[in-house]
Amino acid sequence: MDAIILAAGKGERLRPLTVNRPKPLLPIAGKPILQHIVEKIENYVDNIYIVVKYNKDKIIEYFREHPKITFLEQGEIDGTGEAVLTAKDYVDDEFLVINGDIAFEDDLKDIFKYKYVIALKEVNNPKDYGVVELDNNNFIVDIEEKPEHPKSNLINAGIYKLDKKIFEILEKINISKRGEKELTDAIKILIKEEKVKGYILNGYWNDIGKPWDLLDANKYFLTKIKREIKGEIGENVVIKGNVIVEEGAIIRENSVIYGPAIIKRGCVVGPLAYIREYTVLMENVFVGNSSEIKSSIIMKNSKIPHLSYVGDSIVGENCNFGCNTITANLRFDNKPVKVNIKGKRVESVRKLGVIMGDNVKTGIQVSFMPGVKIGNNCWIGASCLIDRDIEDNTFVYKKDELIFKKLL
């Protein structure tokens, strides 16, 4: 049994986080989405074929040493169907197909009992997905993409067990209106010709399509970690709950950490820093004197030196916050924070801070309103209140007139 993982997409709804990295490498609980998937299946399959395209070199570099992984590059045609076709000449007669941008908890060993299987998940908002209708024996009758009036709450979870018949179907189907070869179009034909079992997932599942999905998955998988303190701990440090402090991390005097949280190697925290629940500091992050981080992901090499607050946010790599940089994360009216996603204003969750790309610098006393997105390589001058999104490579500053008078 082999597996195909689809990791070629651009992840446009997650920009600016996906400008410099492919979506499957975004971190959840301290490791990439894709690593979580590989760890779920590596003991059940002989070979793992990862289909790459966008920012492919970073995926290849990350998994280069894995003995079971082979990388296949998708061609000019986009779409999940074309991605699966890329592996046609490599896989066994039967194989798994898994979307490379989902976070899931279930063990998949029971999925091997059936010839054709699609994993399903019950959700509250089925009309945002491919909705599945089952018969009395849990075989799939139909799949309808994003219906206005869903026939069930069960949706296609992006995990399949198939055989080489799917390649024959994919080669015959037309390109969709989106200009892509869609796996779902082939699956619709397959369920008319074969019995396809609907395998309902019971554990956590999330399709990481928007920034708050990443924070939600990060929060959930942090609840599964165990306490492990290997780094250097200074005097009067308080660490409560399940916290991982990796070897090579330093927690300086009088800092407080509440778990679940992960502090990765090379990080320096404190003195007098406050790391709250559901926070991950990736490698070489610095959180300084009297700064507070809560329910956030801070990516590699970023610095939040002193007197700053970061809540419910995602901060990219190599960012540097000036003193007293503040991220607001809650509206006055307690309504869901609105975020711009691919040109549309959409509701997210009740608490959401800033979504920040890489290489951003802020001056002193910069404040961000809830849900703003800051592009890569931006500079934000002192005393600015940022209440709207900022595009990549932008310098934002405020020009106040100073009045000088001689004292008599």
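Check the entry above for the structure.
Residues numbered from 1 in each chain as written. Predicted model: local features only at pLDDT ≥ 70, side-chain atom pairs only at ≥ 80, totals over all residues. Heavy atoms only, no water.

Is there a simple way to think about unusual backbone geometry in this case?
The omega angle of the peptide bond from G259 to P260 is 5 degrees, so this bond is cis rather than trans. Following G270, the chain continues into P271 via a peptide bond in cis, with omega recorded as 10 degrees. With respect to the helices and strands, the residue P271 is situated in the loop between β21 (268-269) and β22 (274-275). At L272, a residue that is not glycine, the phi angle is positive and equals roughly 60 degrees. The partly exposed category is assigned to L272, whose relative accessible area is 46%. Phi at N359 takes a positive value of approximately 60 degrees, unusual for a residue other than glycine. Examined against the element boundaries, N359 turns out to sit in the loop between β33 (355-356) and β34 (361-362). (Helix = DSSP H or I, 4+ residues; strand = E, 2+ residues; numbered from the N terminus. Buried < 20%, exposed > 50% of the residue type's maximum accessible area, 1.4 Å probe, protein only.)

What is the right way to read the sheet that holds β34 from this model?
Strand pairing in a sheet relies on backbone hydrogen bonds. The paired strands run either parallel or antiparallel. Strand order in the open sheet made by the three strands is β34-β37-β39, with parallel pairing throughout. The outermost strands of the open sheet, each flanked by one partner alone, are β34 and β39 (395-396). (Pairing = 2+ DSSP bridges.)

When you look at the sheet that holds strand β23 (residues 279-281) in this model, what are you seeing that I'm missing?
The parallel open sheet is built from eight strands, whose spatial order is β14-β17-β20-β23-β26-β29-β33-β36. Each edge of the open sheet is held by one strand with a lone partner, namely β14 (228-229) and β36 (373-374). In terms of strand pairing, strand β17 (residues 243-245) meets strand β20 (residues 261-263) through three bridges, oriented parallel. Bridge assignment links V243 to a residue of β20, and that residue is A261.

Just to check I follow, could you spell out a nonpolar patch on the surface for this structure?
A contiguous nonpolar patch, built from W379, F395 and Y397 and spanning about 400 Å² of accessible area, is present on the exposed surface. Among the structural elements, Y397 can be located in the segment after β39. (Patch = residues over 30% accessible without salt bridge, like charges linked within 9 Å, V, L, I, M, F, W, Y side chains within 5 Å. Areas by Shrake-Rupley, 256 points an atom, 1.4 Å probe, with all protein chains shown as cover. Salt bridge = Lys/Arg side-chain N within 4 Å of Asp/Glu carboxyl O.)

Is there a simple way to think about the packing of aromatic side chains in this case?
In this description, a pair of aromatic rings is defined by centroid distance and the angle of the planes. Evaluation of the coordinates by the stated rule reveals eleven aromatic pairs. Between Y204 and F221, the ring centres sit 5.7 Å apart and the planes meet at 85 degrees, which makes this aromatic pair edge-to-face. Of this pair, Y204 sits in the loop between β12 (197-200) and β13 (205-207) while F221 is found in helix α6 (residues 211-222), placing the two residues 17 residues apart along the sequence. When sorted by exposure, Y204 lands in the same class as F221, which is buried. In this structure an aromatic cluster arises from ring pairing among Y204, Y220 and F221. Note that K197 overlies the ring of F139, its terminal NZ or CZ placed 4.6 Å from the centroid. (Phe/Tyr/Trp six-rings, centres within 6.5 Å; stacked < 30°, edge-to-face > 60°. Lys NZ or Arg CZ within 6 Å of the ring centre and 35° of its normal.)

Is there a simple way to think about the environment of I380 in this case?
One can find I380 in strand β37 (residues 379-380). Residue I380 is classed as buried on the basis of its relative accessible area, which comes to 3%. Along the primary structure I380 and T362 are separated by 18 residues, whereas in three dimensions their C-alpha atoms are 4.7 Å apart. Not counting residues up to four positions away in its chain, the partners in contact with I380 are V360, K361, T362, G363, V366, F368, I374, I386, I390 and V396. (Contact = heavy atoms within 4.5 Å.)

Which parts of the structure should I look at to understand helix α4 (residues 165-172)?
Think of an α-helix as 3.6 residues a turn; residues three or four steps apart then line up on the same face. Within the span of α4, buried status applies to I166, F167, I169 and L170. For α4, the arc enclosing every buried residue in end-on projection is 165 degrees, short of the 170-degree limit, so these residues lie on one face. (Arc of directions from axis to C-beta.)

Whenever I open this one, helix α5 (residues 183-193) confuses me. Can you help?
Residues L183, T184, A186, I187, L190 and I191 constitute the buried set of α5. Down the axis of α5, the smallest arc covering the buried residues is 150 degrees, so these residues share one side. Along its buried surface, α5 packs onto α3 (80-85), β6 (94-99), β8 (117-122), β10 (140-145), β11 (154-163) and α4.

Would you explain the nonpolar core in this entry?
One recurring pattern in soluble globular proteins is that nonpolar side chains are buried together. Within the largest apolar cluster, 61 residues are counted, with the highest numbers of intra-cluster contacts made by I28, I50, I159, W205 and L214. The biggest single contributor to this core is α6, with six residues. Formed by 35 residues, the second largest nonpolar core is a distinct cluster that contains I239, I275, F321 and V366. (Core = buried A, V, L, I, M, F, W, Y, C linked by side-chain atoms within 4.5 Å.)

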